[in-house]
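Close look at the chain arrangement
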Amino acid sequence: MKARVHVMLKDGVLDPQGEAVRHALGTLGFDGVNGVRQGKVIELDLADGTTEADVNEMCERLLANTVIERYTVEIV
Amino acid sequence: MKAAVIVFPGSNCDRDLAVAFRAAGMDVTMVWHKDTGLPDGIDLVGIPGGFSFGDYLRCGAIAARSPICRAVVDHAHAGGYVLGICNGFQVLTETGLLPGALMRNAGLRFICKTTPLEVVTDQSDFTAGYGVGDTLNIPIAHHDGNYTAGADVLAKLSDEDRIAFRYRDNPNGSVGDIAGVLSSNRRVLGLMPHPERAAEDAQGSADGAAMFRALAGALADA
């Protein structure tokens, strides 16, 4: 079983890196990019029997800092 | 008084911190991150600056889950003193011993320069050697020092007089110009600036020395 964890800054938390990417896209002539948010994707290769609840606990305890980040878990 | 300095792979201010502790009269033991306990009788734990575990995942995130950090959290919960500087501050927020988080600097650049700090409280054994409103010249050297916390946390920090230092000239976008915060029992301090790099005149500023002297005095009296 594999799981893919998406970690993003929470809405309302300023993302200076996303903002820099947005500026760079504008410099390249891509008008109309109203906002960019940059996050990360973590792929987990899991032993059989690992549950989605286990993955959620991994996110809470390490993979995301829930002070500033939110996460979603996708079982693939 | 006995102090421990934790060493992670990628720590690079551990020896500077040990020098500053020793200059203040402390007996210092270096403790490796894989150790599961602190030496007996430790009064103060220093978590140094650097790039523990290469800043993988998030700054301080892996270090905060290392075996020794469990012992550091227990030490803090038992009323022990902990000082986290720069990466050490990031580690302390990741352990949950201090609230908030440290994000990428607002200007996206690594900043290495001496910056003026305002002493916000003298009500702690870290800051008792300063006067409220004093300006200290202390170096910063970080890429991820942009302190953030929810409005409820910020109100609580302010109400409880737990903001230890503010930047006079905010270099990194930190909310409320916050450079360092205290735990609710005032025995855990995390700050981004490096007082151990301003602990004697030869370093260009000795404004950090009073922090180590005050700590040593408090621990000697304890």
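This next bit is on the overall build of chain A. Counting secondary structure elements, chain A contains two helices and three strands. Counted from the first residue to the last, chain A has its helices and strands arranged as β-α-β-α-β. Relative to the 2.2 N^0.38 estimate, which gives 11 Å for 76 residues, the radius of gyration of chain A is 16 Å and therefore markedly larger than a compact globule would have. Along the longest, intermediate and shortest principal axes, the C-alpha atoms of chain A span 50 × 25 × 15 Å. Taking all 76 residues of chain A together, 12% fall into the buried category. Within chain A, residue pairs in contact and separated by at least 24 positions form 66% of the contacts whose partners lie at least 6 positions apart.

Time to look at unusual backbone geometry. All names here are of chain B. Of note, the phi angle at aspartate 55 is positive, near 60 degrees, even though the residue is not glycine. Position of aspartate 55 among the secondary structure elements: in the loop between strand S3 (44-47) and helix H2 (61-64). The backbone of leucine 57 shows a phi angle near 70 degrees, a positive value even though the residue is not glycine.

On to the confidence of the model for chain A. When pLDDT is averaged along chain A, the result is 95; 100% of the residues meet or exceed 70. Element-level pLDDT for chain A is lowest in helix H1 (residues 16-27) of chain A, with a mean of 92, against a maximum mean of 98 in strand S2 (residues 40-45) of chain A.

So, on to the interface of chain A and chain B. Across the boundary between the two partners, chain A contributes eight residues, which contact eleven residues of chain B. Per-element accounting of the side of chain A that touches chain B gives the leading share, three residues, to H1 of chain A. Across the side of chain A that touches chain B, the residue classes break down as six nonpolar, two polar and no charged.

What follows deals with the sheet that holds strand S7 (residues 135-142) of chain B. Residues and elements named next belong to chain B. As summarised here, the arrangement of the nine strands in space is S2-S1-S3-S4-S11-S10-S9-S6-S7, forming an open sheet in which the pairing is mixed. A strand with exactly one partner marks an edge of an open sheet, and here the two such strands are strand S2 (27-32) and S7. The sheet shows a mean angle of 20 degrees between the axes of neighbouring strands, taken without regard to direction. Two elements, strand S6 (residues 111-119) and strand S9 (residues 163-167), share three bridges in a ladder whose sense is antiparallel. The residue bridging valine 119 from the neighbouring strand is phenylalanine 165, located in S9. Strands in contact with helix H3 (residues 67-77) are strand S1 (2-7), S2, S3, strand S4 (81-85) and strand S11 (188-191); relative to S4, the strand with the most contacts, it is inclined by about 130 degrees.

Turning next to the pairing of strand S10 (residues 178-182) of chain B. Residue and element names in this part refer to chain B. Here S10 lies mainly inside the structure; five of its five residues are buried. Strand direction decides the pairing type here: S9 and S10, joined by three bridges, are antiparallel. Each bridged residue has a counterpart across the sheet, and for arginine 166 the counterpart in S10 is isoleucine 178. Two strands pair when backbone bridges link them, and S10 and S11 are joined in this way by three bridges, in the antiparallel orientation. By the bridge assignment for S11, glycine 180 is matched with leucine 191. A loop of five residues connects S10 with S11, the two strands running antiparallel in sequence, and arginine 186 in this loop sits at a positive phi of about 65 degrees.

A few words now on the environment of tyrosine 71 of chain A. Residue and element names in this part refer to chain A. For tyrosine 71, the location among the structural elements is in strand S3 (residues 69-75). A tally of 20 C-beta atoms within 10 Å means that tyrosine 71 is categorised as buried. Along the backbone, tyrosine 71 and cysteine 59 are twelve residues apart, and their C-alpha atoms lie at a distance of 7.3 Å. Apart from residues no more than four positions distant in its own chain, tyrosine 71 is found in contact with Val5, His6, Val7, Cys59, Leu63 and Ala64.

Let us now look at the nonpolar core. Core analysis: the largest hydrophobic core is formed by 74 residues, its most contacted members being Ala3, Val5, Ile6, Phe21, Val82, Ala164 and Phe212 of chain B. Among the elements that take part in this core, helix H6 (residues 209-221) of chain B stands out by supplying six residues, more than any other. Contacts of alanine 3 of chain B, omitting those with residues within four sequence positions, involve Phe21, Met26, Asp27, Val28, Ile42, Asp43, Leu44 and Gly46 of chain B. In terms of nonpolar packing, the next biggest core, distinct from the first, is built from six residues, Ala3, Val55, Cys59 and Tyr71 of chain A among them.

Before going further, it helps to spend a moment on the sheet that holds S3 of chain A. All names here are of chain A. Ordered in space as S2-S1-S3, the three strands form an open sheet in which the pairing is antiparallel. Both outer strands of the open sheet, S2 and S3, are each paired with one neighbouring strand and no more. Across this sheet, the average inter-strand angle for adjacent strands is 20 degrees, counted without regard to direction. Note that strand S1 (residues 2-9) and S2 share six bridges and pair antiparallel.

Reading the values: rules and limits
Residue positions are counted from 1 within each chain, in the order its sequence is given. Key to labels: chains lettered from A, ligands numbered from 1, both in the order written. Note on the predicted model: pLDDT of at least 70 is required for a residue's local features to be given, and 80 or more for side-chain atom pairs to be given and counted; whole-chain, interface and lining totals, by contrast, use all residues. Strands are runs of DSSP state E lasting at least two residues, helices are runs of H or I lasting at least four, and both sets are numbered from the N terminus onward. What the globule rule says is 2.2 Å times the number of residues to the power 0.38, and the radius of gyration is computed from C-alpha atoms. With C-beta atoms placed from the backbone, a residue is buried if 20 or more other C-beta atoms are within 10 Å of its own, exposed if 12 or fewer are, and partly exposed between those counts. For the purpose of contact definition, each residue receives a C-beta atom placed from its backbone, and two residues are in contact when these atoms lie within 7 Å. pLDDT is a residue-level measure of predictor confidence that goes from 0 to 100. In the scheme used here, Gly and all other residues not listed as nonpolar or charged are polar, with Ala, Val, Leu, Ile, Met, Phe, Trp, Tyr, Cys and Pro taken as nonpolar and Asp, Glu, Lys and Arg as charged. One requirement defines pairing of two strands: DSSP has to find at least two bridges between them. Note on geometry: axes are C-alpha line fits, over the in-contact stretch for helices, and angles between N-to-C directions span 0 to 180 degrees. Working definition: the nonpolar core is a set of buried Ala, Val, Leu, Ile, Met, Phe, Trp, Tyr and Cys residues, joined through C-beta atoms within 7 Å.

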